[in-house]
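Results of the structural survey
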4 protein chains.
Amino acid sequence: MSLDSLVYSTDPRHPANLICTLCRQFFHNNWCTGTGGGISIKHPETDNYFIAPSGVQKELMDPEDLFVMDSRTQEYLRVPNNLKPSACTPLFVACYQHRNAGAVIHTHSQNAVICSLLFDDEFRIANIEQIKAIPSGKVDSQTGKAIPLSFYDTLAIPIIENMAHEDQLIDSLLETFEKYPHTCAVIVRRHGIFVWGPTIDKAKIFNEAIDYLMELAVKMHQLGIPPDCAIGEEKKFITKRFE
Amino acid sequence: MSLDSLVYSTDPRHPANLICTLCRQFFHNNWCTGTGGGISIKHPETDNYFIAPSGVQKELMDPEDLFVMDSRTQEYLRVPNNLKPSACTPLFVACYQHRNAGAVIHTHSQNAVICSLLFDDEFRIANIEQIKAIPSGKVDSQTGKAIPLSFYDTLAIPIIENMAHEDQLIDSLLETFEKYPHTCAVIVRRHGIFVWGPTIDKAKIFNEAIDYLMELAVKMHQLGIPPDCAIGEEKKFITKRFE
Amino acid sequence: MSLDSLVYSTDPRHPANLICTLCRQFFHNNWCTGTGGGISIKHPETDNYFIAPSGVQKELMDPEDLFVMDSRTQEYLRVPNNLKPSACTPLFVACYQHRNAGAVIHTHSQNAVICSLLFDDEFRIANIEQIKAIPSGKVDSQTGKAIPLSFYDTLAIPIIENMAHEDQLIDSLLETFEKYPHTCAVIVRRHGIFVWGPTIDKAKIFNEAIDYLMELAVKMHQLGIPPDCAIGEEKKFITKRFE
Amino acid sequence: MSLDSLVYSTDPRHPANLICTLCRQFFHNNWCTGTGGGISIKHPETDNYFIAPSGVQKELMDPEDLFVMDSRTQEYLRVPNNLKPSACTPLFVACYQHRNAGAVIHTHSQNAVICSLLFDDEFRIANIEQIKAIPSGKVDSQTGKAIPLSFYDTLAIPIIENMAHEDQLIDSLLETFEKYPHTCAVIVRRHGIFVWGPTIDKAKIFNEAIDYLMELAVKMHQLGIPPDCAIGEEKKFITKRFE
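The structure displayed is predicted, hence computed values, not measured ones.

1. A look at the sheet that holds strand E11 (residues 192-197) of chain D
All names here are of chain D. Spatial strand order, E4-E3-E2-E1-E5-E11-E10-E9-E6: 9 strands in an open sheet with mixed pairing. Edge positions in the open sheet fall to strand E4 (76-78) and strand E6 (122-126), since each of these has one partner strand only. Within this sheet the neighbouring strands show an average axis-to-axis angle of 20 degrees, counted without direction. Strands in contact with helix H5 (residues 200-223) are strand E1 (38-42), strand E5 (103-107), E6, strand E9 (154-160), strand E10 (185-188) and E11; relative to E11, the strand with the most contacts, it is inclined by about 145 degrees.

As structure tokens, then:
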């Protein structure tokens with residue numbers, strides 16, 4: 001089996017193809033311009049980790065640009081020519097090992113950066129329908145299925161401080177896993193966000209829903225409304241300009 | 001006739017194809033990211049209701065993901081494998097039965113959510129050309145055609161409170177039908193909007209025009225101008241910063 | 001020559017094809033959603049006026065949806081089935097006849113609507129590079145070519161009041177032609193903008209440049225900077241929030 | 001060898017193809033609408049300069065619209081019919097000769113124009129992850145590779161005053177090269193930005209990262225936060241509206 005066979009597939013759902021498709025899509029969301037951001041997927045069949053490389057234009061990536069890592073030995077099964085592994089790799093691996101993730105998305109979302117400036121230790125938003133896309137961490141004891149947050153809940157996402165190098169974030173990330181055992185995301189101040197899920201589909205949905213909620217929170221802040229304010233309390237906060 | 005024959009058609013205007021095309025388009029409008037939102041169309045020939053499922057990525061939907069319901073018995077003629085019916089289904093059916101709708105669009109539009117925070121019981125905007133895309137509820141007695149709002153009219157769209165589960169919105173929706181017999185839309189606070197019309201083309205046009213008007217209303221609010229202020233009164237409200 | 005032969009051409013630059021291509025492009029700019037806006041082109045070879053119809057989804061238009069009018073008799077050479085002529089038709093014709101236009105673009109641009117709320121009789125912006133895309137109305141006496149505005153000039157676009165029906169705007173438009181003989185655009189308050197040029201390429205360029213400038217003017221207003229303020233005076237107006 | 005052979009290639013990475021592809025992409029970023037902006041690439045094999053022409057719709061450009069200049073004699077090897085050379089040409093050449101550039105990008109980015117209104121002589125932003133995409137000007141003495149800015153650094157981009165004609169900017173540009181020997185970009189007040197790099201890939205990445213940072217700086221300003229404020233100081237500046 002040649003090493004390239006690890007990344008060549010005609011199946012658009014193969015991790016090597018899906019990472020490239022999603023990076024192209026995320027580029028157009030302003031989530032990974034200027035080579036920022038990245039995606040990693042654990043192959044559901046082999047458990048190998050597929051990881052986007054460092055420093056490439058994310059909308060132009062090809063399957064042959066991907067690193068592939070053995071999930072047991074954490075050794076590279078495939079290293080593309082002339083490319084460096086992503087500095088996020090240890091963070092992706094931590095999500096696989098400690099959170100049982102099936103995929104991890106990292107973006108430089110401006111909504112995440114702005115929320116990290118507006119909020120202290122936690123991004124908080126409450127009573128918005130889109131919150132229901134995020135898991136509560138609870139599991140239905142009968143069906144074994146994850147229970148999502150309810151409309152009346154508050155979504156809280158921890159914010160950690162950025163460091164000079166991405167791999168230095170590992171300690172803060174591991175601490176966050178302890179403190180927020182059910183979170184599916186961590187915001188990195190003045191940097192961006194990491195979002196994970198049991199599958200790449202779930203991780204993508206969580207990331208989209210959280211970005212929607214962060215965008216809404218920034219707009220609410222601009223109107224003077226605390227994003228976690230109680231239903232019916234909004235009008236108190238709106239800067240009255242006419243009447 | 002196999003059940004799949006209900007959703008397979010080479011006609012791009014077939015409800016099963018149109019729902020997928022429009023969901024993809026609406027995804028790129030940020031109207032149904034993170035699996036939010038949905039569309040239902042009543043087939044003009046068979047009167048069957050075609051309904052997008054719950055919890056799927058709306059930009060990736062295929063015709064085979066759609067539920068099909070008999071409009072008379074309200075029983076499913078087709079249930080896709082491994083998918084759940086949308087919790088909006090009773091609301092879509094209410095629009096078909098009580099409003100004679102031919103299609104219903106549900107989005108998580110941020111403009112709708114923000115307007116639901118800025119306005120109390122009604123979203124109101126007046127004296128904007130785009131209002132003329134919305135029907136007044138009056139009918140021309142000679143031609144039998146719907147008469148649109150005029151430029152000098154005020155568009156008022158009712159806002160109802162959100163509930164834990166979408167199907168719990170049914171009572172409020174029915175009350176709204178009583179109170180606003182001519183409205184083609186209902187905003188759900190902190191959630192999104194439902195828009196319907198006699199055909200999917202009309203529903204899409206109404207939804208686009210209303211979203212344009214809600215977007216404009218938010219911008220007017222930010223400038224200090226009440227969205228329903230009289231023509232010529234705008235300047236009174238603008239925060240004068242220079243002069 | 002069948003009537004359809006007027007609109008069927010394999011040349012992408014034929015007015016019937018170009019109107020459809022540009023309407024699709026303008027739809028994605030939020031300039032003609034909800035059936036708003038329209039485009040008319042005078043065929044450079046036959047002088048016939050090609051005009052988008054009323055009330056159709058502008059991104060879905062086909063060449064066969066277009067009206068064609070004889071420029072001398074102003075009678076329709078082609079009327080598509082089941083479609084109504086645009087209420088803008090008399091305005092388009094006025095631009096052809098009194099301004100020697102080769103094409104006219106009408107959009108419901110939100111930047112135009114907001115600028116019509118912020119400004120009184122004229123939209124004004126000065127000392128921005130993009131102004132140089134707009135003609136000054138002066139002609140080089142040696143080359144006979146139109147001279148564009150310079151960076152140090154002020155662009156002034158007249159704003160007229162909206163009316164119940166678009167064809168009622170004709171008197172204001174004709175007055176504007178008298179008062180602003182060199183303008184290539186008129187903003188209609190709470191409605192949108194009309195932009196024309198000697199060719200469709202020029203009209204498109206003028207429309208893009210003006211929309212860019214209106215967008216910038218709204219942003220400058222939000223920062224407290226008058227859009228026509230002198231170079232170097234900006235800092236006086238910026239709301240100082242930190243120091 | 002015909003002159004057209006200079007611009008016809010089946011290689012999508014050939015400068016003549018790449019300039020057209022990127023201009024189309026930049027048009028959709030609102031960076032070169034209304035014929036604004038431009039790109040020049042030095043062919044890595046021949047050292048010839050490929051330059052987009054003046055006054056054309058940038059999203060519609062073909063390879064045959066490009067000027068080609070001999071880098072040694074600065075004479076045109078190819079002049080397209082009916083097109084004028086870009087007034088930016090002397091500026092592009094200055095970047096090639098004095099900065100050893102491999103490509104130069106010029107846009108009318110609204111983020112650049114707004115930042116030129118908010119800042120005096122320098123655009124400054126600090127402590128944002130995306131800064132790491134920009135070179136510091138230092139070189140690793142062992143590997144010979146460019147060292148990027150660190151997260152804790154401040155990015156400073158000089159702002160020069162605009163002139164009536166683009167070629168008049170040459171003196172200010174040369175002065176800037178002296179004063180900021182390591183900058184990869186210059187903002188032109190009320191006009192746009194020039195960004196260069198050793199290759200077109202690097203120039204594109206720098207331009208994207210800088211535009212992201214300017215966009216973020218405008219948002220920070222709107223929230224009252226100085227874009228170069230120290231980590232942890234943000235909260236002091238946020239206009240407290242609720243509590």
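2. Looking at the interface of chain A and chain B
Every contact between the two is made by 30 residues of chain A and, on the other side, 34 residues of chain B. Taken together, both faces of the contact between chain A and chain B bury some 2800 Å²; the carbon and sulfur share is 54%. Inspection of the region where chain A meets chain B yields 2 salt bridges. In this structure, the connection of chain A to chain B is made through 19 residue pairs in polar contact (both at pLDDT 80 or more). For the side of chain A that touches chain B, the element with the most residues is helix H5 (residues 200-223) of chain A, which contributes 11 residues. Considering only residue class, the side of chain A that touches chain B consists of 17 nonpolar, 3 polar and 10 charged.

3. Quick look at the pairing of strand E11 (residues 192-197) of chain B
When a strand is regular, its side chains alternate between the sheet's two faces. All names here are of chain B. Among the 6 residues that make up E11, 6 are buried, leaving the element largely enclosed by the rest of the structure. Two strands pair when backbone bridges link them, and strand E5 (residues 103-107) and E11 are joined in this way by 5 bridges, in the antiparallel orientation. Bridge assignment links Val104 to a residue of E11, and that residue is Trp196. Summarising the sheet, strand E10 (residues 185-188) and E11 pair through 4 bridges and their orientation is antiparallel. Pairing of Ile187 across the sheet is with Ile193, part of E11. Connecting the antiparallel pair E10 and E11 is a turn made up of 3 residues, with Arg190 showing a positive phi of about 60 degrees.

4. Some remarks on the pairing of strand E10 (residues 185-188) of chain C
Residues and elements named next belong to chain C. Residues of E10 alternate between two faces, with Ala185 and Ile187 on one and Val186 and Val188 on the opposite face, all of them buried. Bridge analysis of strand E9 (residues 154-160) against E10 gives 2 bridges, and the strand direction is parallel. Bridged to Ile160 within E10 is Val188. For the crossover from E9 across helix H4 (residues 170-179) to E10, the handedness is right-handed.

5. Structural notes on empty space enclosed by the protein
Residues and elements named next belong to chain B. With the rule as written, the count across this model stands at 1 cavity of 30 Å³ or more. If you add up the space inside the largest cavity, you get close to 30 Å³. If you go around the largest cavity, the residues you meet are Leu91, Ile160, Leu169, Leu173, Val186, Val188 and Phe194. Considered class by class, the residues forming the lining of the largest cavity number 7 nonpolar, no polar and no charged.

6. Observations regarding the relation of the copies chain A and chain B
Rotating chain A by 90 degrees and moving it 0.0 Å along the rotation axis overlays it on chain B with an RMSD of 0.0 Å. One copy is carried onto the other by what is essentially a four-fold rotation axis. Taking C-alpha positions as the reference, the residue of chain A nearest the rotation axis is Gln222(A), at 6.3 Å. The two copies present different faces, since only 7% of the interface residues in chain A are matched by interface residues at the equivalent positions in chain B.

7. So, unusual backbone geometry
Even without being glycine, Asn82(C) reaches a positive phi, approximately 65 degrees. For Asn82(C), the location among the structural elements is in the loop between strand E4 (76-78) and helix H2 (89-99). Take Asn82(C): its relative accessible area is 83%, and that puts it in the exposed class. Of note, Asn30(D) is a non-glycine position whose phi angle comes to about 65 degrees, a positive value. On the secondary structure map, Asn30(D) appears in the loop between helix H1 (15-27) and E1.

About the cut-offs
Residues numbered from 1 in each chain as written. Chains lettered and ligands numbered in written order. Predicted model: local features only at pLDDT ≥ 70, side-chain atom pairs only at ≥ 80, totals over all residues. Heavy atoms only, no water. Pairing = 2+ DSSP bridges. Helix = DSSP H or I, 4+ residues; strand = E, 2+ residues; numbered from the N terminus. Axes fitted to C-alpha atoms, helices over the stretch in contact; angles between N-to-C directions. Contact = heavy atoms within 4.5 Å. Buried area = accessible area lost by both parts, 1.4 Å probe. Salt bridge = Lys/Arg side-chain N within 4 Å of Asp/Glu carboxyl O. Polar contact = N/O pair within 3.5 Å; in protein donor to acceptor, adjacent residues only side chain to side chain. Nonpolar A, V, L, I, M, F, W, Y, C, P; charged D, E, K, R; others polar. Buried < 20%, exposed > 50% of the residue type's maximum accessible area, 1.4 Å probe, protein only. Right-handed = clockwise from strand over helix to strand, strands pointing away. 1 Å grid on protein atoms, 1.4 Å probe; cavity = no way out; pocket = protein on both sides within 12 Å on 5 of 7 lines; lining within 4 Å. Points joined across faces, edges and corners; volume = space filled by probe spheres on them. Least-squares fit on C-alpha atoms with pLDDT ≥ 70 in both.

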